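Per-entry structural report
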Amino acid sequence: MNAQYTATPREGIAYYPGCSLHGTSREFDESLRAIAPVLGLRIKEIDDWSCCGASSGHMTDHLLGVALPARNLALAEAEGFDRVVAPCAACYNRLAISQHEIAADPGLAERMPDILGRPFRNSVEVVNANQLLRDAADAIKEKTAATGKPNPLVGVKLAAYYGCLLVRPAAVAAGEDSENPSSIDDVIRACGAEAVDWNMKVECCGASLSFSRTASVVRLGRAIVSDARAHGAEAIVVACPLCHSNLDLRQKAMTARGQEPLPVIFITQLVGLALGLPAGQLGLDRHFVPTAPLLARLSERALAREADEARKKAEAAAKAAARAEKVAAAPRGGEPE
Amino acid sequence: MSRVGVFVCHCGENIARTVDVAKVAEALKDHPGVAFTTDYKYMCSDPGQALVRKAIEEHNLTGVVVAACSPHMHEKTFRNASDKAGLNKYMCEMANIREHCSWIHENRDEATAKAMDITRTIIEKVKHNKPLDPIRIPITKKALVIGAGIAGIQAALDIADGGHKVILIEKEASIGGHMSQLSETFPTLDCSQCILTPRMVEAYQHPNIELHTWSEVESIDGYIGNFTAKIRKKARTVDEDLCNGCGDCLAVCPAKRISSEFEVGLGNRTAIYVPFPQAVPNIPVLDRPNCTLFKGRAKGLAKDACGKCKEACLKGAIDFDAEDTFVEEQVGAVVVATGFQLYSIGREQPQGLKGYGEYGYGEVPDVIDGLQFERLASASGPTAGAIRRPSDGKEPKTVVFVHCVGSRDPEKGIKYCSKICCMYSAKHAMLYKHKVHDGRAVAFYMDIRAAGKGYDEFSRRAIEEDHAEYIRGRVSRIFREGDVVKVWGFDTLSGEQVVIDADMVVLATAVRPQPDAKKLAQVIGCSFDEHGFINEAHPKLRPVETNTAGVFVAGACQAPRDIPDSVAMASAAAAKVMGLFSAEELERDPAVAIVNEATCIGCMNCARACPYNAIEQREICTVDGHVCGHTAWVNPGVCQGCGTCQAVCLSKSVELQTFTDEQVYSEINALCLWE
């Protein structure tokens, strides 16, 4: 039915926010929208997008689980995009698996337009925020340098936490090692910070058990947070709304008395900080674990570093001036009158 | 007029289930040129063959078509039967109605019609067959054995004991292969070196064996019975004839901290070295990339930076200017016994494989592989047989053995079972418990595959007598936490998660082909599987032959194998070689191309297309000896009968004797003309 169908190709990337980025993780959405124009990423939210079917869809029926995300892929395709970014890990996983399964099954691909009631060629590539930003690493470095302000992230130790759905199963891991992924680490380094080598980067956060078996989530999260802390991390960087809410919302229960909690920030917020965007614009004030103390510490260090550099520069300049004076004075003094 | 007999086989139920064989026989009875048709349950059986012979004699047949399985399976059988009945054996052909028809179809009517079509095409072909004679080739009764591990040594010794000359090639400085690195061997726990070294010495001293160590095969040309092997003898820097193995050069070498390959990184060696004290031959080799003198030369220093070994050598055996030399040998058979390597636990993996990020890519120093544990447990190893962990030299009190690392894990790129790991992990657990009495040995396994004489008893002994704790399940994660190695696993029998604070972890990594296995296979001209293991000619009936006539295979280069299997296979390959050498001449099928010199214009298109270099240019002379033209000539010994030349020949002057244009067009006509 769609043999004659072709959409006009369009620049930029389709953006599939999913429910989380419009709800509990608004800051993920806000920070992505804030950094995208700076990095030259033209993202456009898909019109009339619908649920990706995460958990409930694919647990009810396999075909439903494939078709729900495919509807959104078809919409992006109709708008002329060849790439869609789905920052939420569950959305990414469902969209990418749907794309993968339809590509692997010609029979299913043939039935898809009828099932969706619209043309569908399965031509859209699905990426997540970490892949998108890893590919933009050079732009991040360049734009960070171009701010003219001191980068608050220089030297800060951060733990990259991937969770499960962003890099699993291997078929949708986009070239990452499911057991030892590196994209978030790469982005951390591109931002000028230091990515710690730690043990829990792909361990389970407990996901939706947060509501039904809170104690399990606290136990799992505690292992993650303590390992990050033990390896010297000052914050955890995530790219999944559910990981974020589990580690952020439940961290109070995971932390011993008197211990300072570890802020949990989205990868897009991290990039925003490197780009010098204001914390408010990045939604950094929306977290349960306050980010303000960390941010204050970082800017303090940045100022100290800047002052230190300025002092060194001044000293060097003074030395150079003294030398120049000496040189200027010497021949005149030596000249016979 | 042809008188063709058609014999349709049921192959038990294999063909008869889908094809109405009686109908096929009946339908072809009146085909032009057919004198006799019949069907039978097992045509390849003795009574079936008798049926063919009887029909040839009674009906005075001029051709035979057996509609049965693939010609790879039984062409030889029926050609011999025809021969016995007095019919030239190349007048007998197979019509493949099993692999090409009954096995792949379900609809009985359609399959029957197709079986008729297939048989009819072959009848038409046979009508144009001509009686041919087999090609006779002389045989050079000398064998080349590539690789001198236990398989290569065994094959070489067996052939040499049989009275034939053997050239034995080893790429390392010493023979012995992986077996020389092992501590004890399963299932008897006898010392590996004790049973191997006598064989190594025997191979070295055998009057019929010529040994080339530190050598590689550069190229192999020719064909069965008549191979020419070019061997590169890599520059050893030490003259093998002058050196008396005193070891003075080793003592003075200043470069002492080079990671030893033999100790799998657990010990050091000097730049001029013998891999291990029992090496055969006991002649050092200079590792030029790590030598102070050669590093200086590479930098372009005017004066040599070292030279202590040369000064120390009283025999004057060291020559820094020695270069690679080449030896050419004429051999009649080749045995490939190049062995295996272990799957790397590091981050670097060859293409298609992923490596174990969840086990830290082996970056935790106390996570080692099986071969490293062998060195730790070996009396000649870096710790003189005491179990000490690499990071701090402490005696580990809890050791975890992980089976199937890489093996049986399609996610990581290897689907197959490595066969030896269950046994050697049980052995490791035992050796460990014998040396560290208060230690705890824990093994994570998928299944215990202990098929072999005394094997299951052995692995049970590890559990029951030496109290190794066997946990059925996979390890999900290995990481370092302070002083301990954390092992997270899952016990699938109790359904519980298991966390073990280990002091050391031993990964039973997969057996893989040697890194250059595919390249070598291409040099030799034998096929290999998707992993790089060399393909045997038939998995059951021709296990030590390859698809290239005259090339045999032994040991772990064909598939993961333990020592008993490798030795058995090596002896089998040796028997095959001796069988080949038992005749003065070799008979080959005349399925080769021949050139019609009357029409060939000598453009040599065919020679460029020939994948086997079987075609040469020949001069045509007038009666008084003047060269008046050129034609192509096919060497029947080298030609493999692929037919590529026939396809590219512009003047239609070259044809396979068994697939002439006339025969092929008749087959096509048979499909078009009879409906």
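Residues numbered from 1 in each chain as written. Chains lettered and ligands numbered in written order. Predicted model: local features only at pLDDT ≥ 70, side-chain atom pairs only at ≥ 80, totals over all residues.

**Some points on the overall build of chain A**
Put simply, the rule reads: Secondary structure follows DSSP: runs of H or I at least 4 residues long count as helices, runs of E at least 2 residues long count as strands, and numbering of each begins at the N terminus. The burial label depends on the number of other C-beta atoms within 10 Å of a residue's C-beta. Counts of 20 or more mean buried, 12 or fewer mean exposed, and intermediate counts mean partly exposed, with C-beta atoms placed from the backbone.
Regarding its fold elements, chain A presents 15 helices and 8 strands. Counting only C-alpha atoms and orienting by the principal axes, one finds that chain A spans roughly 105 × 55 × 30 Å. In chain A, which comprises 337 residues, the proportion classed as buried is 46%.

**What about the overall build of chain B?**
Short version of the rule: By the convention adopted here, residues are in contact when the distance between their C-beta atoms, placed from the backbone, does not exceed 7 Å.
For chain B, the helix and strand inventory stands at 18 helices and 34 strands. Burial analysis of chain B (675 residues in total) assigns 45% to the buried set. Once local pairs closer than 6 in sequence are excluded, the contacts in chain B between residues at least 24 apart make up 69%.

**Description of helix 2 (residues 46-59) of chain B**
For an α-helix the count is 3.6 residues per turn, leaving residues at separations of three or four pointing the same way. All names here are of chain B. How we decide: Each residue after the first adds 1.5 Å to the expected span of a helix. By construction, the arc corresponds to the directions joining the helix axis to the C-beta atoms.
The end-to-end C-alpha separation of helix 2 is 20 Å, in line with the 20 Å expected for 14 residues at 1.5 Å each. Every buried residue of helix 2 is listed here: Gly 48, Gln 49, Val 52, Ala 55 and Ile 56. Down the axis of helix 2, the sector holding all buried residues measures 120°, keeping them to one side. Helix 2 presents Asp 46, Pro 47, Lys 54, Glu 57 and Glu 58 as exposed residues on the side facing more than 90 degrees away from its buried surface.

**Describing the sheet that holds strand 24 (residues 475-481) of chain B**
Residues and elements named next belong to chain B. Let me state the cut-off plainly: DSSP-based pairing: two strands are paired if at least 2 bridges between them are found. Note on method: axes are straight lines fitted to C-alpha atoms, helices fitted across the in-contact stretch only, with angles between N-to-C directions ranging 0 to 180 degrees.
Strands sit in the order 24-25-26 across an open sheet of 3 strands; the sheet is antiparallel. At either margin of the open sheet sits one strand with a lone partner, and together these are strand 24 and strand 26 (496-502). Along the sheet, successive strands turn relative to each other by an average axial angle of 20°, direction set aside. The pairing of strand 24 with strand 25 (residues 484-491) spans 6 bridges and is antiparallel. Among the inter-strand pairings, Arg 477 is bridged to a residue of strand 25, identified as Trp 488.

**Some words on the pairing of strand 21 (residues 398-405) of chain B**
Residues and elements named next belong to chain B. For clarity, the threshold we go by: The handedness of a crossover follows from its direction of travel: if, with the strands pointing away from the viewer, the path from the first strand over the helix to the second runs clockwise, the crossover is right-handed.
Counting buried positions over the 8 residues of strand 21 gives 7, a clear majority of the element. By the bridge criterion, 5 bridges tie strand 21 to strand 22 (residues 440-445) in an arrangement that is parallel. Its bridge partner lying in strand 22, Phe 401 is registered against Ala 443. Handedness of the crossover is the feature at issue here: the chain leaves strand 21, passes through helix 12 (residues 421-435), returns alongside strand 22, and the resulting connection is right-handed. By the bridge criterion, 5 bridges tie strand 21 to strand 27 (residues 504-509) in an arrangement that is parallel. Looking across to strand 27, one finds that Val 400 is bridged to Val 505.

**Focus on the domain arrangement of chain B**
The criterion, for reference: Domain extents, as shown, originate in an automatic or database domain assignment.
Annotation of chain B at the domain level lists domain 1 (4-134), domain 2 (142-234 + 326-339 + 514-581), domain 3 (248-323), domain 4 (345-513) and domain 5 (593-656). The centre of domain 2 of chain B, based on its C-alpha atoms, is set 36 Å off from the matching centre of domain 5 of chain B.

**Focus: unusual backbone geometry**
Between Arg 168 of chain A and the following residue, Pro 169 of chain A, the backbone shows a cis peptide bond with an omega angle of -5°. Summarising the element assignment, Pro 169 of chain A is placed in the loop between strand 5 (157-160) and helix 9 (183-190). In the segment running from Phe 186 of chain B into Pro 187 of chain B, the intervening peptide bond is cis, with an omega of -5°. Along the chain, Pro 187 of chain B falls in the loop between strand 8 (184-185) and strand 9 (190-191). Even without being a glycine, Tyr 361 of chain B presents a positive backbone phi close to 50°. Looking at where Tyr 361 of chain B falls in the secondary structure, it is placed in the loop between strand 19 (340-342) and strand 20 (367-369). Here Tyr 361 of chain B falls in the partly exposed class, since 19 other C-beta atoms lie within 10 Å of it. In this model, Lys 652 of chain B sits at a positive phi of 50°, which is unusual for a non-glycine residue. Turning to its location among the elements, Lys 652 of chain B is positioned in the loop between helix 17 (644-648) and strand 34 (654-656).

**Here we look at the interface of chain A and chain B**
Selection criterion: Polar here means any residue outside two lists: the nonpolar Ala, Val, Leu, Ile, Met, Phe, Trp, Tyr, Cys and Pro, and the charged Asp, Glu, Lys and Arg; Gly therefore counts as polar.
Chain A puts 5 residues into the contact, and the matching count from chain B is 6 residues. Of the residues belonging to the side of chain A that touches chain B, the class tally is 1 nonpolar, 2 polar and 2 charged.

**Quick look at the nonpolar core**
Here is the rule we go by: Think of a nonpolar core as buried Ala, Val, Leu, Ile, Met, Phe, Trp, Tyr and Cys residues, each tied to the set through C-beta atoms within 7 Å.
Val 334 and Val 335 of chain B are the most contacted members of the largest nonpolar core, which totals 135 residues. In this structure Val 334 of chain B touches Leu 144, Ile 146, Ile 220, Phe 227, Ile 524, Gly 550, Val 551 and Phe 552 of chain B, once residues within four positions along its chain are discounted. In this structure, Val 124, Val 156, Ala 159 and Leu 165 of chain A belong to the second largest nonpolar core, which totals 99 residues.

**Structural notes on the packing of helix 8 (residues 137-146) of chain A against helix 9 of chain A**
Residues and elements named next belong to chain A. Note the cut-off: For classification, angles of less than 35 degrees are called roughly parallel, those exceeding 145 degrees roughly antiparallel, those between 65 and 115 degrees roughly perpendicular, and all remaining angles oblique. Handedness of a crossing follows from how the near helix is turned relative to the far one, being left-handed for an anticlockwise turn of less than a right angle and right-handed for a clockwise one.
With their axes 9 Å apart at the nearest point, helix 8 and helix 9 run at an angle of 20° to one another. Accordingly, the angle class assigned to the pair helix 8 and helix 9 is roughly parallel. Remark: the crossing between helix 8 and helix 9 carries right-handed chirality. On helix 9, the residues touching Ala 137, Ile 140 and Lys 141 of helix 8 are Asp 186, Val 187 and Ala 190.

**Some words on the domain arrangement of chain A**
Residue and element names in this part refer to chain A. Split by domain assignment, chain A resolves into domain 1 (13-130) and domain 2 (148-300). Facing 25 residues of domain 1, the contacting portion of domain 2 comprises 27 residues. Counting residues per element, the ones that place at least two in the side of domain 1 that touches domain 2 are helix 2 (26-39), helix 5 (89-104) and helix 7 (129-135). A total of 9 residues in the side of domain 1 that touches domain 2 trace back to one element, the largest contributor, which is helix 2. In terms of residue class, the side of domain 1 that touches domain 2 is made up of 13 nonpolar, 9 polar and 3 charged.

**Re the sheet that holds strand 4 (residues 125-127) of chain A**
All names here are of chain A. Pairing is parallel across the open sheet formed by 4 strands, whose spatial order is 2-1-3-4. One side of each edge strand has no neighbouring strand; the edge strands of this open sheet are strand 2 (43-45) and strand 4. Taking each pair of neighbouring strands and ignoring which way they run, the sheet shows an average axis angle of 35°. Of the strand pairs in this sheet, strand 1 (residues 13-15) and strand 2 are connected by 3 bridges, and their pairing is parallel. The residue of strand 2 that forms the bridge with Tyr 15 is Glu 45.

**As for the environment of Ser 20 of chain A**
Residues and elements named next belong to chain A. Looking at where Ser 20 falls in the secondary structure, it is placed in helix 1 (residues 18-22). With 22 C-beta atoms packed within 10 Å, Ser 20 lands in the buried category. For the pair Ser 20 and Glu 45, spaced 25 residues apart in the sequence, the C-alpha separation amounts to 14 Å. Those residues within four positions of Ser 20 in sequence are excluded, and the remaining contacts are Ser 25, Cys 88 and Pro 241.

**Thoughts on the packing of helix 4 (residues 62-78) of chain A against helix 6 (residues 106-116) of chain A**
When two helices pack together, you describe them by how their axes are tilted relative to each other and by the distance separating the axes. Residue and element names in this part refer to chain A. Across the interface, helix 4 lies against helix 6 with an axial gap of 10 Å and an inter-helix angle of 85°. What the angle tells us is that helix 4 and helix 6 run roughly perpendicular. Each of Ala 67, Ala 70, Arg 71 and Ala 74 in helix 4 lies in contact with helix 6, whose residues at this interface are Met 112, Ile 115 and Leu 116. Along the lines of polarity and charge, the residues of the contact of helix 4 with helix 6 split into 6 nonpolar, no polar and 1 charged.

**Side note on the confidence of the model for chain B**
We count it as follows: Scored from 0 to 100, pLDDT reflects the predictor's confidence in each residue.
Confidence in the prediction for chain B averages 94 pLDDT; 100% of positions are at 70 or higher. Our summary of model confidence lists the complex with pTM equal to 0.81 and ipTM equal to 0.80.

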